[in-house]
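Architecture and fold: a report
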Amino acid sequence: MLGREPSLPGNGLDQVEIQLLLGQISLDKGDFAHAFEMFAVAAQSGQPRALNMLGRVYERGWGVERSVARALDYFEAAAQGGDGWADFNIADLYLAGDGVPRNVERAYEHYLRAARRGVAKALNMLGLMHEKDLPGGPDPDGARLFFEAAAQGGDCWACLNMGRLCLDGNDMQAAARWFERSLPLGFAQYWLALERVLADADNAVFQNILIEARRRRMASEGGTANRERAGCPPPSQVWSRQRYLEMASKACPQNIR
C-alpha cells in the first residue's frame, strides 16, 4: 500500500499541474528537497503523472533516501493509470537489475507498453535491446527499424544511434544528416555525448556539427538533464498512438497489439 505523503491545501488537476511544474523547476535548480515536497503533495491526487514523478524521486534519491522498492510501488500505480513514462521507468529497473532481479523479458514488455503510450524514447531502448539484449540473440535489422521509428518520433538518442549505424556502414552523408537532425532535439548531456562521438572526426561537416553541439551545450543552463528522464518529456517526445502504430509496425509487426 502506498504511504501518505505531506500535503498542501487545494485539490484538482490545475493544482496538481502547478505542483508538478514547481517540482520540475526545483529539479532544474538542484533543489531536490523542495522537488520531493512538491511531487509528494501532487501524488496525493492519485494522478498517474504525479505518482510517476514521486517514484522517480525515490528511484534517484532526490531530496529523500533512495528506495527502489517505494519507487517501483509508485511506478506500478502510475502505469496502471496509463502513464507511459512509468512503464519506461519500470523497464529501466528490470533491464539494469537495479533493486530488482534483472529480467530482460519484463523490461521488453514495459518498453513496448511505454511506446504504445506515446514515449518515443522507449522505441530507442527496444532498438538497443534488439541490438544486444534479446534472449534469442542480436537482431540488427530489428534494431535499426526501432531506432528509425524512435528518431522519427523525436528522440535524439535514436538519431545518434542511426548516425552510428550509418558510420559503421561507411555512409558519411547519411550519418551527418542524422547527427544534424538530432541537434535541436537534444539537451546538455546529449550534446556532450555527440561531441565525444565526433571528437576524432576529420570530416568538415562532422566538425561543424561538433562545433554546434558544443555551442548548444555551453549555452544551455543544464536543467534539461534532469527533465530528460524525469517523466516530463519535452514536446517532441509526446506523440500519438497512431504515429506509434505507423512506425513501430514497420520495426517489429509481431509485437504490435
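Worth saying up front: this structure is predicted, and the values here are computed from it rather than measured.

Rules of the game
- Residues numbered from 1 in each chain as written.
- Predicted model: local features only at pLDDT ≥ 70, side-chain atom pairs only at ≥ 80, totals over all residues.
- Heavy atoms only, no water.
- Helix = DSSP H or I, 4+ residues; strand = E, 2+ residues; numbered from the N terminus.
- Buried < 20%, exposed > 50% of the residue type's maximum accessible area, 1.4 Å probe, protein only.
- Contact = heavy atoms within 4.5 Å.
- Core = buried A, V, L, I, M, F, W, Y, C linked by side-chain atoms within 4.5 Å.
- Patch = residues over 30% accessible without salt bridge, like charges linked within 9 Å, V, L, I, M, F, W, Y side chains within 5 Å.
- Areas by Shrake-Rupley, 256 points an atom, 1.4 Å probe, with all protein chains shown as cover.
- Salt bridge = Lys/Arg side-chain N within 4 Å of Asp/Glu carboxyl O.
- Phe/Tyr/Trp six-rings, centres within 6.5 Å; stacked < 30°, edge-to-face > 60°.
- Disulfide = S-S within 2.5 Å.
- pLDDT = per-residue confidence, 0-100.
- Axes fitted to C-alpha atoms, helices over the stretch in contact; angles between N-to-C directions.
- Parallel < 35°, antiparallel > 145°, perpendicular 65-115°, else oblique.
- Left-handed = near helix turned anticlockwise from the far one by under 90°.
- Nonpolar A, V, L, I, M, F, W, Y, C, P; charged D, E, K, R; others polar.

Summing up its helical and strand segments, the chain has 14 helices and zero strands in all. Counting from the amino terminus, helix and strand elements in the chain follow one another as α-α-α-α-α-α-α-α-α-α-α-α-α-α. In the chain, which comprises 257 residues, the share counted as buried stands at 49%. The contacts of the chain with a sequence gap of at least 6 include a subset with a gap of at least 24, amounting to 57%.

With that out of the way, let us pick up the nonpolar core. Counting 76 residues, the largest nonpolar core has L54, Y111 and L194 as its most contacted members. Residue contacts for Y111: discarding those within four places in its chain leaves F88, A91, D92, L95, A122, M125, L126 and M129.

Moving on, we get to the environment of A188. For A188, the location among the structural elements is in helix 11 (residues 188–197). In the structure, A188 is positioned 30 residues away from M218 in sequence and 7.9 Å away in space, judged by C-alpha atoms.

Another point: a nonpolar patch on the surface. Judged by side-chain polarity, I18, L21, L22 and I25 come together as a nonpolar surface patch covering roughly 340 Å² of accessible area. Mapping I18 onto the fold places it in helix 1 (residues 13–29).

One pass over the structure, following the stated rule, counts eight aromatic pairs. Residues F88 and Y111 carry aromatic rings whose centres are separated by 5.4 Å and whose planes lie at 65° to one another, so their mutual orientation is edge-to-face. Remark: Y111 occurs in helix 6 (residues 104–116) and F88 occurs in helix 5 (residues 84–96); sequence separation between them is 23 residues. Here the two residues F88 and Y111 agree in accessibility, since each one is buried. Ring centres of W157 and F187 lie 6.2 Å apart, and the angle between their planes is 70°; this geometry places the pair in the edge-to-face category. Placement of the pair is W157 in helix 9 (residues 156–168) and F187 in the loop between helix 10 (172–182) and helix 11, with a sequence separation of 30 residues. For F187, a relative accessible area of 5% gives the class buried. Taken together, the ring pairs in this structure connect F36, Y58 and Y74 into an aromatic cluster.

Simply put, disulfide is the name for a covalent bond between the sulfur atoms of two cysteines. Per the stated rule, a full pass over the model turns up zero disulfides. Note on C159: no disulfide assigned, nearest cysteine sulfur contributed by C156 at a separation of 7.3 Å.

Attention now moves to the confidence of the model for the chain. Here the chain shows a mean pLDDT of 85. Residues at 70 or above account for 81%. Overall, residues 222–245 carries pLDDT values under 50, and its contacts beyond four positions in sequence, including any with other chains, amount to 68 contacts. Note on residues 247–257: pLDDT is under 50 here. Beyond four places in sequence and across chains, it has 25 contacts.

Turning our eyes to something else, we now look at the packing of helix 7 (residues 120–132) against helix 8 (residues 140–152). Following both chains from N to C, one finds helix 7 and helix 8 inclined at 165°, their axes separated by 7 Å at the closest point. With respect to each other, helix 7 and helix 8 are oriented roughly antiparallel. In terms of crossing hand, the pair formed by helix 7 and helix 8 is left-handed. Packed against helix 7, whose contacting residues are A120, L123, N124, L126, G127, L128, H130 and E131, the element helix 8 presents P140, G142, A143, F146, F147, A149 and A150 at the interface. Partitioned by chemical class, the residues of the contact of helix 7 with helix 8 number ten nonpolar, four polar and one charged.

This part takes up the pattern of salt bridges. One pass over the full model with this rule turns up ten salt bridges. Notably, a salt bridge pairs R117 with D87, separated by 2.4 Å at the nearest N-O pair. Within this pair, whereas R117 is found in the loop between helix 6 and helix 7, its partner D87 is found in helix 5, the two being separated by 30 residues in sequence. Salt bridges sharing partners connect three or more residues here, namely E195, R214 and R217.

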